[in-house]
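Structural description and commentary
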Amino acid sequence: MWDRLFTNVTLASMAGPQAYGLVEEAAVAVQDGLIAYAGPMAGLPGGAARETTDAKGALMTPGLIDCHTHLVYAGNRAGEFEARLLGKSYEEIAKAGGGILSTVKATRDASEDALVEASLPRLDAMIGEGLTTVEIKSGYGLTLEDELKMLRAARRLGTERPVHVKTTLLAAHALPPEFKDRSDDYIAHVCDAIMPAAKEEGLADAVDGFCEGVGFSPAQIDRVFEKAGELGLPVKLHAEQLSDLGGAVLAARRGAHSADHLEYLKPEDAGKLAEAGTVAVLLPGAFYFLRETKLPPVAALRQAGAPIALATDCNPGTSPMTSLLLAMNMGCTFFRLTPEEALAGVTCNAAKALGLDDAGVIETGKRADLSLWRARRPAELAYGIGVNPLIERIFAS
């Protein structure tokens, strides 16, 4: 007796030899939150279900996974967006109290309850498009107390809504004002105080950093990664977004789950990501919002066999976006991904970027996180702009 049975499904399992793992006239059975059967209707074993849904040919995919977000924050930066369009430079805005430190101030001033309340509408928008798993970073607190507050708020979102939340400590995101001109001292504080506390409280599933001229150097990030290894925490990295400092190579050498952004990645370094199994996470929302022109080396990543994921990068400064469907379309139009690569980028490869082995594909024994779409072809999901064809999201609690 299955809990739920879907019949007459067009199944894009994202597993198997066929493109998209596509199976026409398929069935999917769910029992105790796991996939009990996924395959041709003709092969469905005999049995009954407490609830049966005739999908009438509708498309079923794994539940969508957003593997890179800064979902928890306070305030917004719409005023800065307007100021830039009226001709003010980033430097002028920063000197006037804008930029990332404006979000840091607002986030520090907000209570944990207020952060949860502010973040829920963003999360609801994602869930409304078939999301079942989301990664949420800290990085707007930059003190021990405020980084942990952000992570607690992120954890709470997973109790307020039916969604799996993976948390990432991003204390090495920016230099806080109280450490001005003392970046080494701040990195020491991150390693000696913030990271151990997050580990002790069980608040961080991974550790991230921002390796850039406006962030932290490869040597400083390597100190963070060294400490993460001591604490038994996996790592990921914001790398090669604005310049090539070799952050992605560092991430690969450290066995990172992912290296994210990668517009300035040298094509010859794509193989290092592939060899390490480090996922290349592309973030077209930030590319669009910043009006970037330097494209990530998709052809080199593809040729090297590096897994490619897509994410919203939801954040108030450079990607105020909550739509993974739009990220898929942008990934195809800006970066020339195929629709199959785009769907893999928000399912199976996004799961790899989070170190998950029980999600992102529809296979027997995997978590029954599923999305049913008003579509017949998987390419329709990346094709539409501002279109949400979701019929139902199935969540394995």
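Taking an unreviewed UniProt entry as the reference, the protein chain is identified by name as Imidazolonepropionase belonging to Hyphococcus luteus. Regarding the protein chain, the relevant UniProt record gives this comment under Pathway (unreviewed entry): "Amino-acid degradation; L-histidine degradation into L-glutamate; N-formimidoyl-L-glutamate from L-histidine: step 3/3." Recorded under Sequence similarities (unreviewed entry), the UniProt text for the protein chain is reproduced unchanged: "Belongs to the metallo-dependent hydrolases superfamily. HutI family."

With respect to a nonpolar patch on the surface
A surface patch of nonpolar side chains, amounting to about 260 Å² of accessible area, comprises Val214, Leu242 and Leu290. Counting through the fold element by element, leucine 242 comes out in the loop between strand 10 (236–239) and helix 8 (247–253).

Considerations on the UniProt feature "binding site: N-formimidoyl-L-glutamate" (unreviewed entry) in the protein chain
Taking the UniProt record as the reference, the feature "binding site: N-formimidoyl-L-glutamate" (unreviewed entry) is found at Tyr140, Asn315 and Gly317. Spanning 178 residues, the named residues nonetheless gather at one spot, since no C-alpha pair among them exceeds 11.4 Å. The topology assignment puts tyrosine 140 in the loop between strand 7 (131–137) and helix 5 (144–160). Residues within four places of tyrosine 140 in sequence aside, it is in contact with His70, Val72, Tyr73, Ile100, Thr103, Val104, Thr107, Glu147, Met150, His173, Asn315 and Pro316. Inspection of the secondary structure assignment puts glycine 317 in the loop between strand 13 (308–310) and helix 12 (324–335). When near neighbours in sequence (up to four residues on either side) are disregarded, glycine 317 contacts Arg77, Arg84 and Phe289.

A closer look at the packing of aromatic side chains
If you walk through the whole model with that rule in mind, you get 7 aromatic pairs. Summarising the aromatic geometry, the rings of tyrosine 73 and tyrosine 140 are spaced 6.4 Å apart at their centres and angled 80 degrees between planes, so their arrangement reads as edge-to-face. With tyrosine 73 in the loop between strand 6 (64–66) and helix 1 (78–85) and tyrosine 140 in the loop between strand 7 and helix 5, the pair connects residues that are 67 residues apart, well separated along the chain. Since its relative accessible area comes to 6%, tyrosine 73 is described here as buried. Site record: aromatic cluster; members linked through ring pairs are Phe287, Tyr288, Phe334 and Phe335. Taking the ring centre of tyrosine 73 as reference, the NZ or CZ of arginine 122 above it sits at 3.7 Å.

Some remarks on the pairing of strand 8 (residues 164–172)
Taken across its 9 residues, strand 8 has 8 buried, putting it largely inside the fold. Summarising the sheet, strand 7 and strand 8 pair through 5 bridges and their orientation is parallel. Within the sheet, the bridge partner assigned to threonine 133 lies in strand 8 and is histidine 164. Bridge count between strand 8 and strand 9 (residues 206–211): 3 bridges; the pairing is parallel. Bridge pairing in strand 9 places threonine 168 opposite alanine 206. Regarding the hand of the β-α-β motif, the stretch spanning strand 8, helix 6 (residues 183–200) and strand 9 is right-handed.

A closer look at the packing of helix 4 (residues 112–127) against helix 5
With their axes 9 Å apart at the nearest point, helix 4 and helix 5 run at an angle of 50 degrees to one another. Overall, the two elements helix 4 and helix 5 adopt an arrangement that is oblique. Helix 4 and helix 5 meet at a crossing whose hand is right-handed. Contacts from Glu112, Asp113, Leu115, Val116, Ser119, Leu120 and Leu123 in helix 4 reach Lys149, Met150, Arg152, Ala153, Arg156, Leu157 and Glu160 in helix 5. Here the residues of the contact of helix 4 with helix 5 are counted per class, giving 7 nonpolar, 1 polar and 6 charged.

What counts as what
- Residues numbered from 1 in each chain as written.
- Predicted model: local features only at pLDDT ≥ 70, side-chain atom pairs only at ≥ 80, totals over all residues.
- Heavy atoms only, no water.
- UniProt positions renumbered as here; feature names shortened; annotations may be inferred.
- Patch = residues over 30% accessible without salt bridge, like charges linked within 9 Å, V, L, I, M, F, W, Y side chains within 5 Å.
- Areas by Shrake-Rupley, 256 points an atom, 1.4 Å probe, with all protein chains shown as cover.
- Salt bridge = Lys/Arg side-chain N within 4 Å of Asp/Glu carboxyl O.
- Helix = DSSP H or I, 4+ residues; strand = E, 2+ residues; numbered from the N terminus.
- Contact = heavy atoms within 4.5 Å.
- Phe/Tyr/Trp six-rings, centres within 6.5 Å; stacked < 30°, edge-to-face > 60°.
- Buried < 20%, exposed > 50% of the residue type's maximum accessible area, 1.4 Å probe, protein only.
- Lys NZ or Arg CZ within 6 Å of the ring centre and 35° of its normal.
- Pairing = 2+ DSSP bridges.
- Right-handed = clockwise from strand over helix to strand, strands pointing away.
- Axes fitted to C-alpha atoms, helices over the stretch in contact; angles between N-to-C directions.
- Parallel < 35°, antiparallel > 145°, perpendicular 65-115°, else oblique.
- Left-handed = near helix turned anticlockwise from the far one by under 90°.
- Nonpolar A, V, L, I, M, F, W, Y, C, P; charged D, E, K, R; others polar.

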